[in-house]
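This is what each chain is made of:
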Amino acid sequence: MACHALRRPGIDGHIGVIGAPHGAGGLRHLLYILGVVTLLAPFQNAGFSTLLLREKISATPALAALAPALPGLALGHLLAVSLALMCGAVLLLPFPEAARLSCGIFCFGAIALSQQISARLKSAGDFYGEARWQARGRTFSALPVAAVALLTIPSPNAVFLCWGGGLLMAFRLLPRGSGKLRPRYRLETSLYQASLGFLWIELTTAIYHRIDIVILHHLLGDAPAVGHYAAAYRLFDGASLFVAPIASICFRELRLLWRDADALHRLSGKLLLAALGMGILLAGGGYYAAPAAVRLFFGAAYSEASAEAAGWLFLGLAFIVPNAVLTQLAIATNRERCYAWAACFSALLNISLNFALVPAHGIRGAAWATIVTEAGLGLALYLGMTRRKNFSGPPA
């Protein structure tokens with residue numbers, strides 16, 4: 001569903017580390033909290049990571065003058081909004097809930113910072129440097145989480161604090177000139193107008209990726225099946241991350257050609273065909289490998305219900321991989337409005353399908369809803385991108 005470059009780094013690894021000691025019930029509660037925090041994260045990022053990536057590769061004429069200041073303005077927005085959300089949580093919620101939510105906001109603020117650094121490195125074509133940053137960030141965030149999980153059964157607060165603190169430590173140890181900058185607190189309306197589409201995409205994507213857990217929790221209550229589906233979905237989401245590096249490289253090439261309609265059509269056609277073939281192969285392989293993968297990462301307690309749900313979810317990769325190319329094409333050609341409408345349609349479709357299928361089919365119905373939603377997103381993107389003969393320039 002989402003632009004794969006925007007997927008939250010490290011979520012699946014950290015949840016996998018603590019999934020076994022918590023059991024299906026504990027994992028359900030952790031994923032429920034994570035889902036609520038995820039719905040606030042788009043306001044922290046506000047689409048600036050994607051805007052940074054695009055405008056640093058090839059600036060839109062209307063934003064060219066602000067391009068040098070964009071990293072500092074993005075960081076200033078992240079810090080200001082994160083602080084405001086924490087203050088709001090403390091003022092409006094009882095202390096335990098406020099503390100839990102504030103820890104989550106802190107963690108996802110650190111993740112947004114990590115994404116901004118990645119966007120700057122990828123926009124410069126420094127994919128090796130971006131890979132080193134990803135490895136450093138994930139290592140520094142995973143080690144304290146794993147240590148806490150080995151010493152005790154960690155609370156969500158401890159997980160969020162260790163996770164976010166590790167990312168900030170990785171940022172603190174960056175060499176000079178490798179990504180450090182000063183925040184700028186200045187309201188630039190043109191930047192926010194440009195990032196509004198990305199904010200809407202991130203929000204609808206967050207709803208889509210977390211709403212199934214919320215709906216399952218609402219319809220099935222405390223049934224262990226909710227935890228089994230959460231484990232299956234984490235595995236599926238982790239497998240989807242393998243598409244992200246390819247999508248990032250494709251985006252840079254598409255953006256560099258965004259003013260050349262003929263070259264862009266040729267490249268996008270080749271990429272779509274390759275992505276479709278890759279998606280079908282991954283879907284078939286994932287379907288048959290799901291039982292073994294569930295036992296490996298989550299243990300025998302999850303091997304039955306989670307394995308079946310994971311197998312169905314993996315079939316969605318047949319649509320996710322070509323969708324990744326379509327989303328990169330939409331962003332690269334300044335068609336984020338088309339992407340935003342497609343994302344909104346897909347989120348509504350997913351919610352409707354979950355309410356229709358889950359009461360009768362349980363977590364299997366939730367997996368079916370995911371597959372159909374991914375297919376719907378691909379169709380909506382394709383129709384939106386091809387309804388104009390020339391989609392290689394900025395929208396009128």
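Since we're looking at a predicted model, the values are computed, not measured.

Thresholds, definitions, all that
The residue count restarts for each chain, going from 1 along the sequence in the order it is written. A pLDDT threshold of at least 70 governs which residues receive local features in this predicted model, and a stricter bar of 80 or more applies before side-chain atom pairs are shown or counted, although totals over entire chains, interfaces and linings include all residues. Side-chain figures throughout are based on the complete set of non-hydrogen atoms in the structure, without hydrogens or water. Salt-bridge detection follows one rule: a side-chain nitrogen of Lys or Arg within 4 Å of a carboxyl oxygen of Asp or Glu. Three labels apply to residues, based on accessible area from a 1.4 Å probe with only protein chains included: buried if under 20% of the type maximum, exposed if over 50%, partly exposed otherwise in between. The way it works is that DSSP assigns letters per residue, a run of H or I at least four long becomes a helix, a run of E at least two long becomes a strand, and they are numbered from the N terminus. Between the N-to-C directions of two axes lies an angle of 0 to 180 degrees, each axis being a line fitted to C-alpha atoms and, for a helix, fitted only over the stretch in contact. Left-handed describes a crossing whose near helix is turned anticlockwise from the far helix through less than a right angle; right-handed describes the clockwise counterpart. Should any heavy atoms of two residues lie within 4.5 Å, those residues are counted as being in contact. Lys, Arg, Asp and Glu make up the charged group, whereas Ala, Val, Leu, Ile, Met, Phe, Trp, Tyr, Cys and Pro make up the nonpolar group; the residues left over, Gly among them, are polar. Note on angle classes: values under 35 degrees are labelled roughly parallel, values over 145 roughly antiparallel, values of 65 to 115 roughly perpendicular, and the remainder oblique.

A. A look at the pattern of salt bridges. With the rule as written, the count across this model stands at 6 salt bridges. Between E55 and R54 there is a salt bridge; the shortest N-O distance is 3.0 Å. Like E55, the residue R54 is buried in the burial classification. The salt bridge partner of D237 is R234, with a shortest N-O separation of 3.0 Å. Here R234 and D237 lie together in helix α8 (residues 224-240), a separation of 3 residues that amounts to about one turn. For the pair shown, D237 and R234 are each scored as buried. Via salt bridges that share partners, R54, E55, R255 and E336 belong to a single interconnected network.

B. Up close: the packing of α8 against helix α11 (residues 305-314). Contact geometry of α8 with α11 gives a least axis separation of 8 Å together with a crossing angle of 35°. The interaxial crossing formed by α8 with α11 has right-handed handedness. Between α8 and α11, the contacting residues are H228, Y229, A231, A232, Y233, L235, F236 and A239 on the first element and A305, S306, A309, A310, L313 and F314 on the second. Broken down by class, the residue content of the contact of α8 with α11 amounts to 12 nonpolar, 2 polar and no charged.

C. The arrangement of unusual backbone geometry in detail. A positive phi angle is found at A46, which is not glycine, with a value near 55°. With respect to the helices and strands, A46 occurs in the loop between α1 (11-45) and α2 (48-57). Judged by its relative accessible area of 4%, A46 is buried. Even without being a glycine, N334 presents a positive backbone phi close to 60°. Its place among the elements puts N334 in the loop between α12 (317-332) and α13 (336-386).

D. Representation of the packing of helix α7 (residues 189-220) against α13 in the model. Two elements in contact, α7 and α13, have axes separated by 9 Å at closest approach and are oriented at 5°. When the axes of α7 and α13 are compared, the pair comes out roughly parallel. Along the lines of polarity and charge, the residues of the contact of α7 with α13 split into 22 nonpolar, 7 polar and 3 charged.

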